[in-house]
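What follows is the residue order along each chain.
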Amino acid sequence: MTLKGKTFLISGAASGLGESTARLMASLGANVVIGDILDNEALRVAESIISDGGSASTFHLDVRNEPDWIDAVNFAASRYGALSGLVSNAGISGMIPDVMDTEYFDRLLAIHARGTFLGIKHSAPAIARTGGGSIVAISSIAGRVGTEHVHMGYNAAKAAILLLVKSAAGYYAKDNIRSNAVIPGWMPPMRTSVSSADPELRPKLLKSVPLGRTGLFPEVAEAVAFLSSDAASYINGVELPVDGGFLAYRAFS
Ligand SMILES: NC(=O)c1ccc[n+]([C@@H]2O[C@H](COP(=O)([O-])OP(=O)(O)OC[C@H]3O[C@@H](n4cnc5c(N)ncnc54)[C@H](O)[C@@H]3O)[C@@H](O)[C@H]2O)c1
């Protein structure tokens, strides 16, 4: 698999899964633009990719903000000549103590659902000008099933991402843009997670995973890179779980 000569804008790539994805895509030959609100962390990731021989740059992007998306897409396309794809990954956790907090519901929808919508809206025309490419958005197992300890706004927002991507798979097929979703399972806790970092809760969460362990960011990044690559040239509109079997099987012991 290669991404040589391609350019990807990756939201939320200053840490966690986005960082891992940026590192992998750069190692496969891509130029990666790290779009995040954490400017210092984004810079640290870009400098580390460059010192490993890769190509990376940063752009301040708050995914809720439409002008930020316009500027980030323009930056990526003009810096590297053309935009090949988007990875819509930025997010905040649903695992907070008050899973019925209304203000947090609005934040979840704004970052995950509005953020992914805006990313698709503004990257698709630039990718079309390149002659086609890929959009990958990061959902969650919580976008497929309601989950104990998870704010239901997170469930709703992650489910919205699955349908945004399917709509995009149809809307932009004429421009040779494929749109797909990746569904990570239980991963290392997000920066904003409170309850999933609880050492007492984690073994209980992992009982729901046939493989019996937490997923690793590089394991999910592989799926994102594959869907973003020409190796996936006829894959459009899918939801790819990378969840150790969580969505496939229920154990009763
Ligand atoms: N970690 C998990 O357990 C898990 C499981 C399933 C899905 N996911 C999803 O994977 C994606 C990445 O999560 P992660 O585990 O790497 O978490 P993380 O907290 O390490 O990374 C999230 C990144 O998004 C950025 N971000 C947050 N709000 C933003 C905004 N408004 N604009 C731009 N950037 C913003 C953060 O600064 C951070 O760099 C998220 O969409 C998350 O919902 C995570």
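The structure this text deals with has already been given above.
The rules behind the values
- Residues numbered from 1 in each chain as written.
- Predicted model: local features only at pLDDT ≥ 70, side-chain atom pairs only at ≥ 80, totals over all residues.
- Heavy atoms only, no water.
- Pairing = 2+ DSSP bridges.
- Helix = DSSP H or I, 4+ residues; strand = E, 2+ residues; numbered from the N terminus.
- Axes fitted to C-alpha atoms, helices over the stretch in contact; angles between N-to-C directions.
- Contact = heavy atoms within 4.5 Å.
- Near = heavy atom within 4 Å.
- Polar contact = N/O pair within 3.5 Å; in protein donor to acceptor, adjacent residues only side chain to side chain.
- Areas by Shrake-Rupley, 256 points an atom, 1.4 Å probe, with all protein chains shown as cover.
- Parallel < 35°, antiparallel > 145°, perpendicular 65-115°, else oblique.
- Nonpolar A, V, L, I, M, F, W, Y, C, P; charged D, E, K, R; others polar.
- 1 Å grid on protein atoms, 1.4 Å probe; cavity = no way out; pocket = protein on both sides within 12 Å on 5 of 7 lines; lining within 4 Å.
- Points joined across faces, edges and corners; volume = space filled by probe spheres on them.
- Right-handed = clockwise from strand over helix to strand, strands pointing away.
- Phe/Tyr/Trp six-rings, centres within 6.5 Å; stacked < 30°, edge-to-face > 60°.
- Buried < 20%, exposed > 50% of the residue type's maximum accessible area, 1.4 Å probe, protein only.
- Lys NZ or Arg CZ within 6 Å of the ring centre and 35° of its normal.

**Side note on the sheet that holds strand 1 (residues 7–11)**
Backbone hydrogen bonds hold the strands of a sheet together, and the pairing may be parallel or antiparallel. Taken in spatial order, the seven strands line up as 3-2-1-4-5-6-7 in an open sheet, and their pairing is parallel. At either end of the open sheet lies a strand with only one pairing partner, and these are strand 3 (55–60) and strand 7 (239–242). With direction set aside, neighbouring strand axes in the sheet form an average angle of 20 degrees. Across the sheet, helix 3 (residues 66–80) is in contact with strand 1, strand 2 (31–36), strand 3 and strand 4 (85–88); its angle to strand 3 comes to roughly 155 degrees. The strands that helix 7 (residues 217–228) touches are strand 1, strand 4, strand 5 (133–138), strand 6 (177–184) and strand 7; relative to strand 6, the one it contacts most, it runs at about 170 degrees.

**A look at the site of the ligand**
As a structural note, the neighbourhood of the ligand is formed by 29 residues, with S15, L17, D36, N89 and Y154 the closest of them. At 2.9 Å from a nitrogen atom of the ligand is found a main-chain nitrogen or oxygen belonging to P188. The backbone of R191 places a nitrogen or oxygen atom 2.9 Å from an oxygen atom of the ligand. Calculation on the ligand without its partners gives an accessible area of 830 Å², and the protein chains cover 95% of this total.

**Quick look at the packing of helix 4 (residues 102–129) against helix 5 (residues 152–171)**
Relative to each other, helix 4 and helix 5 sit at 10 degrees, their axes nearing to 8 Å. It follows from the interaxial angle that helix 4 and helix 5 lie roughly parallel. Along the contact surface, helix 4 presents F105, L108, L109, H112, A113, T116, F117 and I120, while helix 5 presents G153, Y154, A157, K158, A160, I161, L164 and A168. Residue composition of the contact of helix 4 with helix 5, by class: twelve nonpolar, three polar and one charged.

**Side note on empty space enclosed by the protein**
Here the structure, examined in full by the defined rule, presents one cavity of 30 Å³ or more. Volume-wise, the largest cavity comes out at about 40 Å³. Contributing to the lining of the largest cavity are S11, V63, W69, S88, N89, A90, I111, H112, G115, T116 and I161. The element contributing the most residues to the lining of the largest cavity is helix 4, with four residues. Its residues assigned to classes, the lining of the largest cavity comprises five nonpolar, six polar and no charged.

**A few points about the pairing of strand 3**
Sheet topology places strand 2 next to strand 3; six bridges connect them, and they run parallel. Across the sheet, the residue bridging to V32 is A56, located in strand 3. You can see the chain leave strand 2, run along helix 2 (residues 39–51) and come back into strand 3, and the turn it takes is right-handed.

**Some words on the packing of aromatic side chains**
One pass over the structure, following the stated rule, counts three aromatic pairs. Judged by centre distance (5.1 Å) and plane angle (35 degrees), the ring pair of F59 and F75 falls under tilted. Here the residue F59 occupies a position in strand 3, and F75 occupies one in helix 3, the gap between them amounting to 16 residues. Under the relative-accessibility criterion, F59 is labelled partly exposed at 23%. Arranged with centres 6.3 Å apart and planes meeting at 90 degrees, the rings of W186 and F246 form a pair that is edge-to-face. Of this pair, W186 sits in the loop between strand 6 and helix 6 (202–206) while F246 sits in the segment after strand 7, placing them 60 residues apart in sequence. Here the basic side chain of R250 rests over the ring of F246, its NZ or CZ set 5.3 Å away from the ring centre.

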